[in-house]
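A look at the structure
Each chain is listed here by its residues.
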Number of protein chains: 2
Amino acid sequence: MKKYLSLLKNSKLFQGISEEELTSMLDCLSAVTRSYHKGECVFGRGERIDSVALLLEGSVHIQKEDYWGNLSILSEISEGEIFGEVYACLGSDEMLNDAVAVKPCKVLFLDVKRILTMCPSACQFHGRLIRNLLTVLAQKNKILTQKLEHMSRRTTREKLLSYLSEQSLRAGSPVFDIPFNRQQLADFLSVDRSAMSAELCRMRDEGILSFDRNHFILK
Amino acid sequence: MKKYLSLLKNSKLFQGISEEELTSMLDCLSAVTRSYHKGECVFGRGERIDSVALLLEGSVHIQKEDYWGNLSILSEISEGEIFGEVYACLGSDEMLNDAVAVKPCKVLFLDVKRILTMCPSACQFHGRLIRNLLTVLAQKNKILTQKLEHMSRRTTREKLLSYLSEQSLRAGSPVFDIPFNRQQLADFLSVDRSAMSAELCRMRDEGILSFDRNHFILK
DNA sequence: GCCTTTCTGTTGTATTTACAACTGTCTTGT
DNA sequence: ACAAGACAGTTGTAAATACAACAGAAAGGC
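Attention in this report is confined to the structure presented alongside it. None of the values given here were measured: they were computed from a predicted structure.

Describing the interface of chain A and chain B
Each partner contributes to the interface: chain A provides 36 residues, whereas chain B provides 36 residues. When the two sides are added together, the surface that chain A and chain B hide from each other amounts to roughly 3400 Å², 67% of it contributed by carbon and sulfur. Looking at the side of chain A facing chain B, the largest losses of area belong to L134(A), K142(A) and L148(A), adding up to 19% of the total buried there. Where chain A packs against chain B, one counts 6 salt bridges. Of the charged contacts, one joins K64(B) and E149(A) as a salt bridge, the two residues approaching to 2.7 Å between their closest N and O atoms. The interface formed by chain A and chain B holds 8 residue pairs in polar contact (both at pLDDT 80 or more) in total. At the level of secondary structure, the elements contributing two or more residues to the side of chain A that touches chain B comprise β5 (71-77), α3 (85-90) and α5 (126-151) of chain A.

Spelled out as C-alpha coordinates, the structure:
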(Lines give C-alpha, C1' and ligand atoms only; values in the text may rest on other atoms or scores of the structure.)
Protein backbone atom coordinates (compact mmCIF):
# COMPACT_ATOMS: atom_id res chain seq x y z
CA MET A 1 0.00 0.00 0.00
CA LYS A 2 2.97 2.28 0.65
CA LYS A 3 3.50 2.23 -3.09
CA TYR A 4 0.27 4.18 -3.57
CA LEU A 5 0.60 6.71 -0.76
CA SER A 6 1.55 9.59 -3.05
CA LEU A 7 -1.27 8.71 -5.44
CA LEU A 8 -3.72 8.75 -2.52
CA LYS A 9 -2.34 11.98 -1.09
CA ASN A 10 -2.89 13.68 -4.44
CA SER A 11 -6.32 12.21 -5.05
CA LYS A 12 -9.33 14.48 -4.78
CA LEU A 13 -10.78 12.34 -2.01
CA PHE A 14 -7.78 12.62 0.29
CA GLN A 15 -6.67 16.11 -0.71
CA GLY A 16 -5.36 18.10 2.24
CA ILE A 17 -4.88 15.10 4.49
CA SER A 18 -1.40 14.43 5.81
CA GLU A 19 0.45 11.24 5.01
CA GLU A 20 0.55 9.85 8.53
CA GLU A 21 -3.12 10.68 9.07
CA LEU A 22 -3.88 8.92 5.80
CA THR A 23 -2.18 5.72 6.91
CA SER A 24 -4.20 5.49 10.09
CA MET A 25 -7.35 6.47 8.25
CA LEU A 26 -7.06 3.57 5.85
CA ASP A 27 -7.42 1.18 8.78
CA CYS A 28 -10.45 3.07 10.13
CA LEU A 29 -12.12 2.92 6.74
CA SER A 30 -11.57 -0.86 6.59
CA ALA A 31 -9.67 -0.39 3.36
CA VAL A 32 -9.09 -3.47 1.24
CA THR A 33 -7.58 -3.77 -2.21
CA ARG A 34 -8.37 -6.17 -5.01
CA SER A 35 -7.03 -6.75 -8.48
CA TYR A 36 -9.07 -7.23 -11.63
CA HIS A 37 -8.32 -8.66 -15.04
CA LYS A 38 -9.20 -6.82 -18.19
CA GLY A 39 -12.92 -7.21 -18.83
CA GLU A 40 -13.81 -8.08 -15.23
CA CYS A 41 -16.66 -6.31 -13.45
CA VAL A 42 -15.76 -4.31 -10.34
CA PHE A 43 -19.41 -3.50 -9.74
CA GLY A 44 -22.33 -5.05 -11.57
CA ARG A 45 -25.78 -3.80 -12.40
CA GLY A 46 -28.32 -4.63 -9.72
CA GLU A 47 -25.75 -4.80 -6.91
CA ARG A 48 -26.07 -2.88 -3.68
CA ILE A 49 -22.76 -1.61 -2.40
CA ASP A 50 -21.51 0.07 0.75
CA SER A 51 -17.98 0.88 -0.32
CA VAL A 52 -16.48 3.60 -2.45
CA ALA A 53 -13.92 2.33 -4.95
CA LEU A 54 -10.68 4.21 -5.54
CA LEU A 55 -8.75 3.23 -8.63
CA LEU A 56 -5.08 2.63 -7.77
CA GLU A 57 -4.01 1.27 -11.13
CA GLY A 58 -5.56 0.77 -14.54
CA SER A 59 -8.68 2.18 -16.13
CA VAL A 60 -12.39 1.53 -15.54
CA HIS A 61 -15.42 2.26 -17.69
CA ILE A 62 -18.81 2.95 -16.16
CA GLN A 63 -21.13 1.52 -18.79
CA LYS A 64 -24.32 -0.26 -19.60
CA GLU A 65 -25.36 -2.77 -22.18
CA ASP A 66 -28.99 -3.03 -23.29
CA TYR A 67 -31.04 -6.03 -24.43
CA TRP A 68 -29.68 -5.86 -27.94
CA GLY A 69 -26.05 -5.60 -26.96
CA ASN A 70 -25.74 -1.87 -27.60
CA LEU A 71 -23.05 -0.55 -25.32
CA SER A 72 -23.26 2.88 -23.76
CA ILE A 73 -20.24 4.29 -21.93
CA LEU A 74 -21.13 6.72 -19.19
CA SER A 75 -17.66 7.74 -18.05
CA GLU A 76 -14.05 6.74 -17.90
CA ILE A 77 -12.32 6.45 -14.53
CA SER A 78 -8.58 7.01 -14.43
CA GLU A 79 -6.02 6.42 -11.69
CA GLY A 80 -6.66 8.26 -8.44
CA GLU A 81 -10.36 8.77 -9.16
CA ILE A 82 -13.20 7.21 -7.21
CA PHE A 83 -16.32 5.47 -8.48
CA GLY A 84 -19.38 3.83 -7.00
CA GLU A 85 -19.70 6.72 -4.55
CA VAL A 86 -23.25 7.52 -5.67
CA TYR A 87 -24.63 4.10 -4.82
CA ALA A 88 -22.48 3.76 -1.74
CA CYS A 89 -23.97 7.04 -0.46
CA LEU A 90 -27.51 6.03 -1.39
CA GLY A 91 -27.14 2.64 0.28
CA SER A 92 -30.40 0.97 -0.60
CA ASP A 93 -30.45 1.82 -4.31
CA GLU A 94 -29.49 -0.81 -6.86
CA MET A 95 -26.69 0.06 -9.26
CA LEU A 96 -27.90 0.87 -12.76
CA ASN A 97 -24.55 0.43 -14.48
CA ASP A 98 -21.55 -1.84 -14.61
CA ALA A 99 -18.05 -0.77 -13.67
CA VAL A 100 -15.71 -2.73 -15.95
CA ALA A 101 -11.92 -2.93 -15.95
CA VAL A 102 -10.68 -2.06 -19.45
CA LYS A 103 -7.10 -2.83 -18.40
CA PRO A 104 -5.71 -4.87 -15.52
CA CYS A 105 -6.74 -2.86 -12.45
CA LYS A 106 -6.04 -2.49 -8.78
CA VAL A 107 -8.88 -1.07 -6.72
CA LEU A 108 -9.04 0.18 -3.13
CA PHE A 109 -12.40 -0.14 -1.35
CA LEU A 110 -13.41 2.21 1.48
CA ASP A 111 -16.43 1.70 3.70
CA VAL A 112 -18.61 4.73 3.11
CA LYS A 113 -20.48 4.45 6.40
CA ARG A 114 -17.22 4.97 8.22
CA ILE A 115 -16.50 8.01 6.11
CA LEU A 116 -19.86 9.49 7.01
CA THR A 117 -20.16 8.54 10.68
CA MET A 118 -16.78 7.67 12.19
CA CYS A 119 -15.38 9.69 15.09
CA PRO A 120 -17.20 12.95 14.27
CA SER A 121 -15.11 15.02 16.66
CA ALA A 122 -12.02 12.90 17.31
CA CYS A 123 -10.37 13.08 13.86
CA GLN A 124 -9.60 16.55 12.75
CA PHE A 125 -9.25 15.28 9.21
CA HIS A 126 -12.54 13.50 9.16
CA GLY A 127 -14.51 16.63 8.39
CA ARG A 128 -12.10 17.30 5.59
CA LEU A 129 -12.75 13.84 4.16
CA ILE A 130 -16.50 14.39 4.09
CA ARG A 131 -16.12 17.79 2.44
CA ASN A 132 -13.77 16.25 -0.11
CA LEU A 133 -16.38 13.61 -0.90
CA LEU A 134 -18.95 16.38 -1.31
CA THR A 135 -16.66 18.22 -3.71
CA VAL A 136 -16.03 15.10 -5.75
CA LEU A 137 -19.78 14.51 -6.04
CA ALA A 138 -20.29 18.10 -7.15
CA GLN A 139 -17.53 17.81 -9.74
CA LYS A 140 -18.93 14.59 -11.10
CA ASN A 141 -22.30 16.26 -11.28
CA LYS A 142 -20.77 18.97 -13.39
CA ILE A 143 -19.04 16.46 -15.65
CA LEU A 144 -22.31 14.61 -16.20
CA THR A 145 -23.94 17.91 -17.08
CA GLN A 146 -21.23 18.58 -19.65
CA LYS A 147 -21.70 15.14 -21.09
CA LEU A 148 -25.42 15.84 -21.37
CA GLU A 149 -24.51 18.94 -23.32
CA HIS A 150 -22.53 16.91 -25.83
CA MET A 151 -25.33 14.39 -26.15
CA SER A 152 -27.98 17.06 -26.60
CA ARG A 153 -26.38 18.09 -29.90
CA ARG A 154 -28.35 16.90 -32.87
CA THR A 155 -25.63 15.84 -35.32
CA THR A 156 -22.57 13.64 -34.96
CA ARG A 157 -20.36 16.55 -35.99
CA GLU A 158 -21.74 18.81 -33.27
CA LYS A 159 -21.36 16.07 -30.68
CA LEU A 160 -17.75 15.54 -31.67
CA LEU A 161 -16.94 19.25 -31.65
CA SER A 162 -18.64 19.70 -28.29
CA TYR A 163 -16.68 16.81 -26.81
CA LEU A 164 -13.34 17.67 -28.39
CA SER A 165 -13.64 21.35 -27.43
CA GLU A 166 -14.17 20.35 -23.82
CA GLN A 167 -11.20 18.00 -23.90
CA SER A 168 -9.09 20.76 -25.38
CA LEU A 169 -10.20 23.20 -22.68
CA ARG A 170 -9.51 20.63 -20.00
CA ALA A 171 -6.02 20.02 -21.38
CA GLY A 172 -5.45 23.76 -21.65
CA SER A 173 -4.15 23.24 -25.16
CA PRO A 174 -5.41 22.61 -28.70
CA VAL A 175 -3.24 19.48 -28.63
CA PHE A 176 -4.51 16.65 -26.47
CA ASP A 177 -5.13 12.91 -26.18
CA ILE A 178 -8.48 11.33 -25.52
CA PRO A 179 -8.89 8.20 -23.38
CA PHE A 180 -10.98 6.32 -25.97
CA ASN A 181 -10.46 4.47 -29.20
CA ARG A 182 -12.99 5.01 -32.01
CA GLN A 183 -15.47 2.37 -30.93
CA GLN A 184 -15.35 3.57 -27.33
CA LEU A 185 -15.77 7.19 -28.34
CA ALA A 186 -18.78 6.23 -30.44
CA ASP A 187 -20.27 4.31 -27.49
CA PHE A 188 -19.53 7.30 -25.27
CA LEU A 189 -21.26 9.78 -27.57
CA SER A 190 -23.99 7.31 -28.58
CA VAL A 191 -23.36 7.49 -32.31
CA ASP A 192 -22.47 5.02 -35.01
CA ARG A 193 -18.76 4.28 -35.13
CA SER A 194 -18.41 4.25 -38.90
CA ALA A 195 -20.47 7.40 -39.35
CA MET A 196 -18.39 9.08 -36.67
CA SER A 197 -15.17 7.97 -38.29
CA ALA A 198 -16.35 9.39 -41.60
CA GLU A 199 -17.32 12.66 -39.92
CA LEU A 200 -13.90 12.96 -38.29
CA CYS A 201 -12.19 12.52 -41.65
CA ARG A 202 -14.50 15.07 -43.25
CA MET A 203 -13.59 17.60 -40.55
CA ARG A 204 -9.93 16.80 -41.04
CA ASP A 205 -10.27 17.40 -44.79
CA GLU A 206 -11.98 20.71 -44.06
CA GLY A 207 -9.02 21.71 -41.91
CA ILE A 208 -11.01 21.96 -38.68
CA LEU A 209 -8.76 19.50 -36.88
CA SER A 210 -6.16 16.83 -37.34
CA PHE A 211 -5.59 13.58 -35.51
CA ASP A 212 -3.65 10.40 -35.28
CA ARG A 213 -5.34 7.63 -33.36
CA ASN A 214 -6.36 9.15 -30.03
CA HIS A 215 -4.13 12.20 -30.44
CA PHE A 216 -5.99 15.32 -31.60
CA ILE A 217 -5.17 18.88 -32.66
CA LEU A 218 -7.97 21.45 -32.91
CA LYS A 219 -7.49 24.42 -35.24
CA MET B 1 -41.29 31.98 6.60
CA LYS B 2 -43.51 30.11 9.05
CA LYS B 3 -45.74 29.37 6.10
CA TYR B 4 -43.01 27.19 4.61
CA LEU B 5 -41.84 25.37 7.75
CA SER B 6 -43.58 22.12 6.87
CA LEU B 7 -42.27 22.27 3.32
CA LEU B 8 -38.75 22.74 4.67
CA LYS B 9 -39.12 20.02 7.28
CA ASN B 10 -40.10 17.57 4.54
CA SER B 11 -37.45 18.68 2.07
CA LYS B 12 -34.54 16.35 1.40
CA LEU B 13 -32.09 18.96 2.59
CA PHE B 14 -33.63 19.38 6.04
CA GLN B 15 -34.89 15.83 6.49
CA GLY B 16 -34.55 14.63 10.05
CA ILE B 17 -34.08 18.07 11.53
CA SER B 18 -36.54 19.23 14.16
CA GLU B 19 -38.73 22.25 13.60
CA GLU B 20 -37.21 24.41 16.36
CA GLU B 21 -33.68 23.50 15.26
CA LEU B 22 -34.65 24.42 11.73
CA THR B 23 -35.82 27.88 12.75
CA SER B 24 -32.56 28.71 14.46
CA MET B 25 -30.59 27.16 11.63
CA LEU B 26 -32.14 29.47 9.08
CA ASP B 27 -30.59 32.43 10.87
CA CYS B 28 -27.18 30.74 11.01
CA LEU B 29 -27.31 30.03 7.28
CA SER B 30 -28.09 33.70 6.59
CA ALA B 31 -31.25 32.61 4.83
CA VAL B 32 -32.93 35.17 2.59
CA THR B 33 -35.90 34.78 0.31
CA ARG B 34 -36.66 36.41 -3.01
CA SER B 35 -39.52 36.28 -5.47
CA TYR B 36 -39.23 35.92 -9.22
CA HIS B 37 -41.59 36.58 -12.10
CA LYS B 38 -42.19 34.02 -14.78
CA GLY B 39 -39.23 34.03 -17.16
CA GLU B 40 -36.80 35.66 -14.72
CA CYS B 41 -33.35 34.17 -14.14
CA VAL B 42 -32.57 32.99 -10.61
CA PHE B 43 -29.02 32.13 -11.66
CA GLY B 44 -27.40 33.05 -14.93
CA ARG B 45 -24.69 31.43 -16.98
CA GLY B 46 -21.23 32.68 -16.07
CA GLU B 47 -22.19 33.65 -12.52
CA ARG B 48 -20.28 32.49 -9.47
CA ILE B 49 -22.52 31.73 -6.54
CA ASP B 50 -22.03 30.89 -2.89
CA SER B 51 -25.60 30.07 -1.95
CA VAL B 52 -27.76 27.03 -2.45
CA ALA B 53 -31.27 27.85 -3.65
CA LEU B 54 -34.30 26.07 -2.20
CA LEU B 55 -37.50 26.44 -4.15
CA LEU B 56 -40.35 27.41 -1.83
CA GLU B 57 -42.97 28.07 -4.49
CA GLY B 58 -43.22 27.70 -8.25
CA SER B 59 -41.15 25.78 -10.76
CA VAL B 60 -37.65 26.33 -12.14
CA HIS B 61 -35.94 24.95 -15.23
CA ILE B 62 -32.20 24.43 -15.38
CA GLN B 63 -31.48 25.08 -19.03
CA LYS B 64 -29.14 26.44 -21.64
CA GLU B 65 -29.62 28.24 -24.91
CA ASP B 66 -26.97 28.02 -27.61
CA TYR B 67 -25.86 30.57 -30.24
CA TRP B 68 -28.70 29.67 -32.57
CA GLY B 69 -31.42 29.86 -29.95
CA ASN B 70 -31.78 26.11 -29.50
CA LEU B 71 -33.00 25.50 -25.98
CA SER B 72 -31.88 22.50 -23.97
CA ILE B 73 -33.60 21.73 -20.67
CA LEU B 74 -31.37 19.93 -18.21
CA SER B 75 -33.82 19.43 -15.37
CA GLU B 76 -36.99 20.63 -13.75
CA ILE B 77 -36.93 21.77 -10.14
CA SER B 78 -40.16 21.46 -8.16
CA GLU B 79 -41.15 22.82 -4.75
CA GLY B 80 -38.96 21.71 -1.87
CA GLU B 81 -36.01 20.83 -4.11
CA ILE B 82 -32.68 22.64 -4.14
CA PHE B 83 -30.64 23.86 -7.08
CA GLY B 84 -27.33 25.61 -7.63
CA GLU B 85 -25.73 23.34 -5.02
CA VAL B 86 -23.10 22.09 -7.48
CA TYR B 87 -21.68 25.53 -8.18
CA ALA B 88 -22.14 26.68 -4.60
CA CYS B 89 -20.05 23.70 -3.49
CA LEU B 90 -17.43 24.27 -6.18
CA GLY B 91 -17.17 27.96 -5.34
CA SER B 92 -14.80 29.21 -7.99
CA ASP B 93 -16.45 27.53 -11.01
CA GLU B 94 -18.65 29.58 -13.32
CA MET B 95 -22.19 28.35 -13.86
CA LEU B 96 -22.70 26.70 -17.24
CA ASN B 97 -26.50 26.94 -17.22
CA ASP B 98 -29.34 29.29 -16.44
CA ALA B 99 -31.91 28.66 -13.74
CA VAL B 100 -35.14 30.18 -15.02
CA ALA B 101 -38.50 30.59 -13.28
CA VAL B 102 -41.18 29.02 -15.49
CA LYS B 103 -43.88 30.22 -13.09
CA PRO B 104 -43.88 32.93 -10.43
CA CYS B 105 -41.41 31.62 -7.84
CA LYS B 106 -40.27 32.13 -4.29
CA VAL B 107 -36.72 31.05 -3.55
CA LEU B 108 -34.82 30.63 -0.28
CA PHE B 109 -31.04 31.16 -0.43
CA LEU B 110 -28.72 29.45 2.04
CA ASP B 111 -25.03 30.25 2.40
CA VAL B 112 -23.22 27.04 1.57
CA LYS B 113 -20.02 27.96 3.43
CA ARG B 114 -22.02 28.05 6.63
CA ILE B 115 -23.49 24.67 5.86
CA LEU B 116 -20.01 23.24 5.40
CA THR B 117 -18.13 24.98 8.19
CA MET B 118 -20.47 26.36 10.85
CA CYS B 119 -20.25 25.11 14.44
CA PRO B 120 -18.85 21.68 13.61
CA SER B 121 -19.42 20.30 17.10
CA ALA B 122 -21.96 22.68 18.65
CA CYS B 123 -25.00 21.84 16.54
CA GLN B 124 -25.99 18.23 16.71
CA PHE B 125 -28.01 18.68 13.54
CA HIS B 126 -25.23 20.22 11.57
CA GLY B 127 -23.68 16.88 10.69
CA ARG B 128 -27.10 15.76 9.57
CA LEU B 129 -27.39 18.76 7.28
CA ILE B 130 -24.06 18.00 5.58
CA ARG B 131 -24.98 14.35 5.11
CA ASN B 132 -28.35 15.41 3.68
CA LEU B 133 -26.56 17.64 1.19
CA LEU B 134 -24.33 14.72 0.26
CA THR B 135 -27.38 12.52 -0.29
CA VAL B 136 -29.06 15.12 -2.45
CA LEU B 137 -25.93 15.42 -4.58
CA ALA B 138 -25.79 11.64 -4.96
CA GLN B 139 -29.46 11.49 -5.93
CA LYS B 140 -29.05 14.25 -8.49
CA ASN B 141 -26.07 12.39 -9.85
CA LYS B 142 -28.26 9.35 -10.31
CA ILE B 143 -30.99 11.38 -11.99
CA LEU B 144 -28.46 12.86 -14.42
CA THR B 145 -27.27 9.36 -15.19
CA GLN B 146 -30.82 8.29 -15.94
CA LYS B 147 -31.28 11.27 -18.18
CA LEU B 148 -28.09 10.31 -20.01
CA GLU B 149 -29.63 6.91 -20.52
CA HIS B 150 -32.69 8.43 -22.18
CA MET B 151 -30.53 10.62 -24.36
CA SER B 152 -28.25 7.78 -25.38
CA ARG B 153 -31.15 6.11 -27.19
CA ARG B 154 -30.90 6.45 -30.92
CA THR B 155 -34.50 7.07 -31.95
CA THR B 156 -37.14 9.48 -30.72
CA ARG B 157 -39.41 6.55 -29.87
CA GLU B 158 -36.78 4.91 -27.69
CA LYS B 159 -36.05 8.19 -25.94
CA LEU B 160 -39.72 8.69 -25.21
CA LEU B 161 -40.21 5.14 -23.94
CA SER B 162 -37.11 5.37 -21.78
CA TYR B 163 -38.30 8.65 -20.27
CA LEU B 164 -41.93 7.65 -19.84
CA SER B 165 -41.01 4.28 -18.32
CA GLU B 166 -38.89 6.04 -15.73
CA GLN B 167 -41.68 8.49 -14.93
CA SER B 168 -44.09 5.60 -14.55
CA LEU B 169 -41.70 3.77 -12.21
CA ARG B 170 -41.18 6.94 -10.22
CA ALA B 171 -44.93 7.43 -9.89
CA GLY B 172 -45.34 3.77 -9.00
CA SER B 173 -48.20 3.54 -11.47
CA PRO B 174 -48.79 3.27 -15.21
CA VAL B 175 -50.84 6.46 -14.84
CA PHE B 176 -48.86 9.63 -14.28
CA ASP B 177 -48.40 13.30 -15.16
CA ILE B 178 -45.22 14.76 -16.55
CA PRO B 179 -44.01 18.28 -15.65
CA PHE B 180 -43.50 19.37 -19.27
CA ASN B 181 -45.60 20.44 -22.21
CA ARG B 182 -44.66 19.12 -25.66
CA GLN B 183 -42.13 21.81 -26.51
CA GLN B 184 -40.48 21.48 -23.12
CA LEU B 185 -40.37 17.70 -23.35
CA ALA B 186 -38.76 17.97 -26.77
CA ASP B 187 -36.19 20.43 -25.41
CA PHE B 188 -35.60 18.07 -22.49
CA LEU B 189 -35.03 15.02 -24.70
CA SER B 190 -33.25 17.03 -27.42
CA VAL B 191 -35.52 16.03 -30.25
CA ASP B 192 -37.72 17.87 -32.70
CA ARG B 193 -41.10 18.76 -31.22
CA SER B 194 -43.19 17.95 -34.26
CA ALA B 195 -41.42 14.67 -34.90
CA MET B 196 -41.88 13.78 -31.24
CA SER B 197 -45.53 14.70 -31.36
CA ALA B 198 -45.99 12.48 -34.39
CA GLU B 199 -44.16 9.63 -32.68
CA LEU B 200 -46.39 9.92 -29.60
CA CYS B 201 -49.49 9.68 -31.75
CA ARG B 202 -48.07 6.70 -33.61
CA MET B 203 -47.45 4.93 -30.30
CA ARG B 204 -50.95 5.80 -29.16
CA ASP B 205 -52.40 4.34 -32.39
CA GLU B 206 -50.38 1.17 -31.81
CA GLY B 207 -51.92 0.89 -28.35
CA ILE B 208 -48.60 1.27 -26.47
CA LEU B 209 -49.88 4.20 -24.46
CA SER B 210 -52.53 6.86 -24.23
CA PHE B 211 -52.34 10.46 -23.17
CA ASP B 212 -54.12 13.72 -22.77
CA ARG B 213 -51.89 16.77 -22.59
CA ASN B 214 -49.32 15.98 -19.91
CA HIS B 215 -51.33 13.05 -18.49
CA PHE B 216 -50.05 9.64 -19.63
CA ILE B 217 -51.08 6.00 -19.31
CA LEU B 218 -48.60 3.26 -20.27
CA LYS B 219 -49.96 -0.13 -21.32
C1' DG C 1 -68.54 36.42 -25.60
C1' DC C 2 -64.79 37.33 -28.48
C1' DC C 3 -60.14 37.93 -29.75
C1' DT C 4 -55.42 36.66 -29.15
C1' DT C 5 -52.02 33.59 -27.87
C1' DT C 6 -50.38 29.21 -26.79
C1' DC C 7 -50.31 24.51 -27.52
C1' DT C 8 -50.68 20.24 -30.17
C1' DG C 9 -50.95 17.56 -34.18
C1' DT C 10 -50.11 16.92 -39.38
C1' DT C 11 -47.63 16.69 -43.65
C1' DG C 12 -43.74 16.93 -47.05
C1' DT C 13 -38.90 17.32 -48.06
C1' DA C 14 -34.00 17.60 -47.55
C1' DT C 15 -30.60 16.13 -44.42
C1' DT C 16 -28.48 13.00 -41.41
C1' DT C 17 -27.98 8.73 -39.35
C1' DA C 18 -27.74 3.70 -38.51
C1' DC C 19 -26.47 -0.47 -40.28
C1' DA C 20 -23.97 -3.84 -42.81
C1' DA C 21 -20.26 -5.34 -45.41
C1' DC C 22 -15.68 -4.78 -46.70
C1' DT C 23 -10.52 -3.18 -47.02
C1' DG C 24 -6.22 -2.14 -45.35
C1' DT C 25 -3.19 -1.22 -41.41
C1' DC C 26 -1.38 -1.92 -37.03
C1' DT C 27 -0.69 -4.81 -32.87
C1' DT C 28 0.03 -8.95 -30.36
C1' DG C 29 1.36 -13.41 -29.27
C1' DT C 30 3.82 -17.42 -30.50
C1' DA D 1 8.47 -14.06 -39.16
C1' DC D 2 3.90 -15.25 -39.32
C1' DA D 3 -0.95 -15.65 -38.25
C1' DA D 4 -4.86 -13.92 -35.81
C1' DG D 5 -7.20 -10.33 -34.05
C1' DA D 6 -8.08 -5.50 -33.17
C1' DC D 7 -8.68 -1.10 -35.08
C1' DA D 8 -9.67 2.70 -38.39
C1' DG D 9 -11.56 4.10 -42.53
C1' DT D 10 -14.83 3.65 -46.78
C1' DT D 11 -19.06 3.07 -49.25
C1' DG D 12 -24.07 2.28 -50.29
C1' DT D 13 -28.73 1.97 -48.78
C1' DA D 14 -32.75 2.07 -45.95
C1' DA D 15 -34.58 4.39 -42.10
C1' DA D 16 -35.17 8.20 -39.02
C1' DT D 17 -34.74 12.97 -38.12
C1' DA D 18 -34.83 18.05 -38.46
C1' DC D 19 -37.00 21.75 -40.33
C1' DA D 20 -40.61 24.52 -42.09
C1' DA D 21 -45.19 25.65 -42.81
C1' DC D 22 -49.77 25.06 -41.61
C1' DA D 23 -54.43 23.85 -39.19
C1' DG D 24 -57.28 23.07 -35.45
C1' DA D 25 -58.07 23.00 -30.35
C1' DA D 26 -57.50 24.88 -25.86
C1' DA D 27 -56.44 28.55 -22.65
C1' DG D 28 -56.20 33.20 -21.16
C1' DG D 29 -57.22 38.23 -21.21
C1' DC D 30 -60.38 41.92 -21.73
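So, next bit.
Considerations on unusual backbone geometry
The backbone phi angle of R213(A) is positive, close to 55 degrees, even though this residue is not glycine. You can see R213(A) is positioned in the loop between β10 (209-212) and β11 (215-218). One non-glycine residue, S30(B), lies in the positive phi region at around 40 degrees.

What about helix α6 (residues 156-171) of chain A?
Residue and element names in this part refer to chain A. An ideal rise of 1.5 Å per residue puts 22 Å on 16 residues; α6 measures up with 22 Å between its terminal C-alpha atoms. Listed as buried for α6 are T156, K159, L160, S162, Y163, L164, E166, Q167 and S168. The elements touched by buried residues of α6 are α5, β9 (175-177), α7 (182-189), α8 (193-205), β10 and β11. At the C-terminal side of α6, G172 shows a positive phi close to 70 degrees.

A look at the sheet that holds strand β6 (residues 82-83) of chain A
Read across the sheet, 4 strands follow the order β1-β8-β3-β6 (chain A) without closing on themselves; strand pairing throughout is antiparallel. Each edge of the open sheet carries a strand with a single partner, namely β1 (32-36) and β6 of chain A.

Looking at the relation of the copies chain A and chain B
Each copy superposes on the other: chain A lies on chain B with an RMSD of 0.0 Å after a rotation of 180 degrees and an axial shift of 0.0 Å. Both chain copies can therefore be described as sitting about a two-fold axis.

Things to note about the protein's contact with DNA strand C
The environment of DNA strand C is formed by 17 residues, the closest being T155(A), T156(A), R182(B), R193(B) and F211(B). A share of 66% of the atoms of DNA strand C within 4 Å of the protein falls on sugar and phosphate groups. Take the surface near DNA strand C: its biggest share by element is 4 residues, from helix α8 (residues 193-205) of chain B.

About the criteria used
- Residues numbered from 1 in each chain as written.
- Chains lettered and ligands numbered in written order.
- Predicted model: local features only at pLDDT ≥ 70, side-chain atom pairs only at ≥ 80, totals over all residues.
- Heavy atoms only, no water.
- Contact = heavy atoms within 4.5 Å.
- Buried area = accessible area lost by both parts, 1.4 Å probe.
- Salt bridge = Lys/Arg side-chain N within 4 Å of Asp/Glu carboxyl O.
- Polar contact = N/O pair within 3.5 Å; in protein donor to acceptor, adjacent residues only side chain to side chain.
- Helix = DSSP H or I, 4+ residues; strand = E, 2+ residues; numbered from the N terminus.
- Expected span 1.5 Å × (residues − 1).
- Buried < 20%, exposed > 50% of the residue type's maximum accessible area, 1.4 Å probe, protein only.
- Pairing = 2+ DSSP bridges.
- Least-squares fit on C-alpha atoms with pLDDT ≥ 70 in both.
- Near = heavy atom within 4 Å.

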